[in-house]
Amino acid sequence: MLLMTDVSKSYGSGVFALQDVNIHIAPGEFVFVVGPSGAGKSTFIKMLFREEIPTTGSIFVNGVDILKLGEKEIPYMRRQLGIIFQDYRLLPDRTVYENVAFAMQVIEAPYRKIKRTVMNVLDLVGLRRRANSYPNELSGGEQQRIAIARAIVNNPLMVIADEPTGNLDPETSWDIMQIFEEINSTGTTIVMATHDKGIVDAMDKRVIAIEKGCIVRDEKHGVYGYES
Ligand code: ADP
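Residues numbered from 1 in each chain as written. Predicted model: local features only at pLDDT ≥ 70, side-chain atom pairs only at ≥ 80, totals over all residues. Heavy atoms only, no water.

Visitor: Residues and numbers for the overall build of the protein chain, please.
Guide: Of the regular secondary structure elements, the protein chain holds seven helices and 10 strands. Its C-alpha atoms give the protein chain a radius of gyration of 17 Å, near enough to 17 Å, the size a compact globule of 228 residues would have. Taking the principal axes of its C-alpha atoms as reference, the protein chain extends roughly 50 × 40 × 30 Å. Counting the 228 residues in the protein chain, one finds 52% classified as buried. Of the contacts formed within the protein chain by residues at least 6 apart in sequence, a portion of 67% connects residues at least 24 apart. Summed over its atoms, the accessible surface of the protein chain is roughly 11200 Å², and 49% of this surface lies on carbon and sulfur atoms. (Helix = DSSP H or I, 4+ residues; strand = E, 2+ residues; numbered from the N terminus. Rg over C-alpha atoms; globule rule 2.2 N^0.38 Å. Buried < 20%, exposed > 50% of the residue type's maximum accessible area, 1.4 Å probe, protein only. Contact = heavy atoms within 4.5 Å. Areas by Shrake-Rupley, 256 points an atom, 1.4 Å probe, with all protein chains shown as cover.)

Visitor: Now, about the packing of aromatic side chains: what can you tell me, with residues and values included?
Guide: For the structure shown, the criterion picks out three aromatic pairs. Ring geometry for Phe-30 versus Phe-32: centroids 5.3 Å apart, planes at 55 degrees, classification tilted. Under the relative-accessibility criterion, Phe-30 is labelled buried at 5%. Judged by centre distance (6.4 Å) and plane angle (80 degrees), the rings of Phe-49 and Phe-85 are edge-to-face. With Phe-49 in the loop between helix H1 (41–48) and strand S4 (56–61) and Phe-85 in strand S6 (residues 81–85), the pair connects residues that are 36 residues apart, well separated along the chain. You'll find Phe-49 and Phe-85 in the same group, each marked buried. Here the guanidinium or amino end of Arg-89 rests over the ring plane of Phe-85, the centre of that ring lying 3.7 Å away. (Phe/Tyr/Trp six-rings, centres within 6.5 Å; stacked < 30°, edge-to-face > 60°. Lys NZ or Arg CZ within 6 Å of the ring centre and 35° of its normal.)

Visitor: Please give an account of unusual backbone geometry that cites residues and values.
Guide: The phi dihedral of Tyr-88 falls on the positive side, at around 65 degrees, and the residue is not glycine. For Asn-155, which is not a glycine, the phi torsion comes out positive at approximately 55 degrees. In this structure, Asn-155 sits in the loop between helix H5 (140–152) and strand S7 (158–162). The exposure class of Asn-155 is exposed, given its relative accessible area of 66%.

Visitor: Please provide a residue-by-residue account of the sheet that holds strand S2 (residues 16–25), values included.
Guide: The strand order S2-S1-S4-S5 describes an open sheet built from four strands, whose pairing is antiparallel. The sheet is open, and its two edges are formed by S2 and strand S5 (64–65), each paired on a single side. In this sheet, S2 lies alongside strand S1 (residues 2–10) in antiparallel orientation, the contact comprising six bridges. Paired with Val-7 across the two strands is Val-21, which belongs to S2. Of the strands in this sheet, S1, S2 and S4 touch H1, which is tilted by about 125 degrees from S1. (Pairing = 2+ DSSP bridges. Axes fitted to C-alpha atoms, helices over the stretch in contact; angles between N-to-C directions.)

Visitor: Can you lay out the site of the ligand for me, pointing to particular residues and giving the numbers?
Guide: If you check the shell around the ligand, you find Tyr-11, Ala-17, Pro-36, Ser-37, Gly-38, Ala-39, Gly-40, Lys-41, Ser-42 and Thr-43 and nothing else. For the ligand, a nitrogen atom lies 3.5 Å from a polar atom in the side chain of Tyr-11. Note that an oxygen atom of the ligand is positioned 2.6 Å from one of the backbone N or O atoms of Gly-38. Protein burial of the ligand: of its 560 Å² of free accessible surface, 56% is covered by the chains. Looking at the shell around the ligand element by element, the count peaks at three residues for H1. (Near = heavy atom within 4 Å. Polar contact = N/O pair within 3.5 Å; in protein donor to acceptor, adjacent residues only side chain to side chain.)

Visitor: Tell me about the nonpolar core, and name the residues and values.
Guide: Judged by nonpolar contacts, the single largest core of 46 residues is most densely connected at Phe-32, Val-118, Leu-122 and Phe-180. Counting residues in each nonpolar core, the second largest holds 31 residues, with Met-1, Ile-66, Leu-81 and Val-191 among its members. (Core = buried A, V, L, I, M, F, W, Y, C linked by side-chain atoms within 4.5 Å.)

Visitor: Any chance you could break down the environment of Pro-75 for me, citing the residues and the numbers?
Guide: Within the secondary structure layout, Pro-75 lies in helix H2 (residues 74–79). Owing to a relative accessible area of 34%, Pro-75 belongs among the partly exposed residues under this scheme. As a C-alpha pair, Pro-75 and Arg-50 span 25 residues in sequence and 9.9 Å in three-dimensional space.

Visitor: So, the sheet that holds S7: which residues are in play, and what are the values?
Guide: Paired through backbone hydrogen bonds, the strands of a sheet run either parallel or antiparallel to each other. Spatial ordering of the open sheet is given by S6-S7-S8-S3-S9-S10, a layout of six strands whose pairing is mixed. Of all strands in the sheet, those with a lone pairing partner are S6 and strand S10 (214–219), marking the two edges. The average angle at which neighbouring strand axes cross in this sheet is 15 degrees, direction not considered. Where strand S9 (residues 206–211) and S10 come together, five bridges link them in antiparallel fashion. Each bridged residue has a counterpart across the sheet, and for Val-207 the counterpart in S10 is Glu-219. H5 rests against S6 and S7 of the sheet, and its axis sits at about 165 degrees to S6.

Remember that the coordinates give geometry; whether it matters functionally is a separate question.
Set out below in structure tokens:
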């Protein structure tokens, strides 16, 4: 699913945000990316969908060398991924339904398919009854659930999340993680950067720890490993 080989990234200051990163993530894996602030987690995450490009090294996503893609091909590559951010990034002037449907309209799915699929994913995240609400009428946890629905509506190969529970209280964070578990149980790969020690320690997933741009741990059933 993901193969990074000898990836290093310098933002030009001479300091490496990532250095000699080698990672293989198989289809269906659930992976946490942890590490102190400034360690390189966001840089790592951004490279997975070509938001940043490495200074050296190669990145294959689902067999595609994403560094060789032309500008026009990048949006197609991103549509095979479900990307989720800490700050939700919803369209404020569109309803819950429209926010999710938008991702399918972009790929020109037929109207009836859009309606059926959007209602199904809203069911999955528990927001069917809020379909006609606007994002600012909902809580932070509910807004993140819209963002998750939008990320998965096109059946992505991999869900990539950067601190998705960073703005949420512990209980709401757990609800979000349950949705991630459910998505993962259908075979979707999940890569999630997080600072949430409680979640990482309880979920018993693969943990990749980054410090000062280097991978210092990669454990199949890992723990968070830092003070929270
Ligand atoms: P984390 O997500 O673990 O907090 P980042 O990937 O954001 O870490 O940052 C890693 C390092 O790269 C830090 O030293 C940070 O200051 C630097 N960095 C991140 N983004 C940029 C940028 N756009 N320009 C210059 N330096 C950056």
